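Here is what each chain is made of, one letter per residue.
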Amino acid sequence: MFKNIIARKPCPSVTEGITSASLGKPDYELALKQHEAYISALERCGVEITLLEENDSYPDSCFVEDVALCTKKCAIITRLGAPSRRGEAGLPDMKAALERFYENIEVIKEPGTIEAGDIMMAEDHFYIGLSARTNEEGAKQMIGFLEKYGMTGSVVALAEVLHLKTGLAYLENNNLLTAGEFVTKPDFAKYNRIEVPSFEDYAANCIWVNGNVLMPAGYPITQKAVENLGYNVITVDTSEYRKIDGGLSCLSLRF
């Protein structure tokens, strides 16, 4: 069960966020409304929200998931792979928020790079995607910290997606949403894999929060498949965040 959420308000410069999409620039006012709806959906799941103020120096700073891995026993501050985002992990308000909840805080050091969008928690094991943003040294340091606190980690090579959780979502109870290159990856053979159709692949990035599954609006086949597993599904429109390679998991730290 999750008790706490850390999120950050999107800033006006979010319209200049890093992107590989060809969907145009986000509408800032709409992005604000979508973020408010996202926070409201999380509140319905019975968690306490710590909402950090916007920081216009970092257009992508609303994607707080990438700056830290929050586990049951420790928080691990990352070293982001995107140079323009690297300062986000050291922002004073984020540091203070993590220190409020954790006595044990570790930090990934150079030359390691890792973004927590590349890390998927499944119980006490953490899958770490090797990507353009996460290198082997970053993964090695991360696994070392996890093992220090009695958890485990393993690496997964990525070929197509930006982050591991672009195409995967662990929904607890051994259920795993998979899309694209992950549908047949042997790393996940032990799970009950639910395949996301290629034309709904954006729906693979969703989050389990205390028995509920938050997922992007507009993907009825995947929504039905998740509902058939017995979850209460809450849909949230994240169209403006998709324009800058963002999804539901990116917008919060959950622990």
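Look a little higher up for the structure.
Residues numbered from 1 in each chain as written. Predicted model: local features only at pLDDT ≥ 70, side-chain atom pairs only at ≥ 80, totals over all residues. Heavy atoms only, no water.

Caption draft 1: Representation of the pattern of salt bridges within the structure. Going through the model one piece at a time under the given rule, you end up with 13 salt bridges. The salt bridge partner of R85 is E88, with a shortest N-O separation of 2.9 Å. In this structure, R85 and E88 share a single accessibility class: buried. Three or more residues joined by partner-sharing salt bridges are found here, namely E65, K165 and R254. (Salt bridge = Lys/Arg side-chain N within 4 Å of Asp/Glu carboxyl O. Buried < 20%, exposed > 50% of the residue type's maximum accessible area, 1.4 Å probe, protein only.)

Caption draft 2: Inspection of the sheet that holds strand 9 (residues 168-170) at higher detail. Taken in spatial order, the three strands line up as 9-10-11 in an open sheet, and their pairing is mixed. Each edge of the sheet is formed by a strand with only one pairing partner; in this case those strands are strand 9 and strand 11 (192-195). Averaged over all neighbouring strand pairs, the angle between strand axes comes to 20 degrees, with direction disregarded. Across four bridges, the pairing between strand 10 (residues 175-178) and strand 11 is parallel. In the strand pairing of strand 11, L176 is matched with R193. (Pairing = 2+ DSSP bridges. Helix = DSSP H or I, 4+ residues; strand = E, 2+ residues; numbered from the N terminus. Axes fitted to C-alpha atoms, helices over the stretch in contact; angles between N-to-C directions.)

Caption draft 3: The arrangement of unusual backbone geometry in detail. Cis geometry marks the peptide bond from E110 to P111; its omega dihedral reads 10 degrees. Relative to the helices and strands, P111 resides in the loop between strand 5 (105-107) and strand 6 (119-122). We note that N174 has phi near 70 degrees; this positive angle belongs to a residue other than glycine. Here N174 shows up in the loop between strand 9 and strand 10.

Caption draft 4: A look at the sheet that holds strand 8 (residues 152-157). Reading across the sheet, the three strands line up as 6-7-8 and stay open at both edges, with mixed pairing between neighbours. Two strands bound the open sheet, and with one partner strand each, they are strand 6 and strand 8. Within the sheet, the average angular offset between the axes of one strand and its neighbour, ignoring direction, is 25 degrees. Bridge analysis of strand 7 (residues 125-130) against strand 8 gives six bridges, and the strand direction is parallel. Directly across from G129, in strand 8, lies its bridge partner V156.

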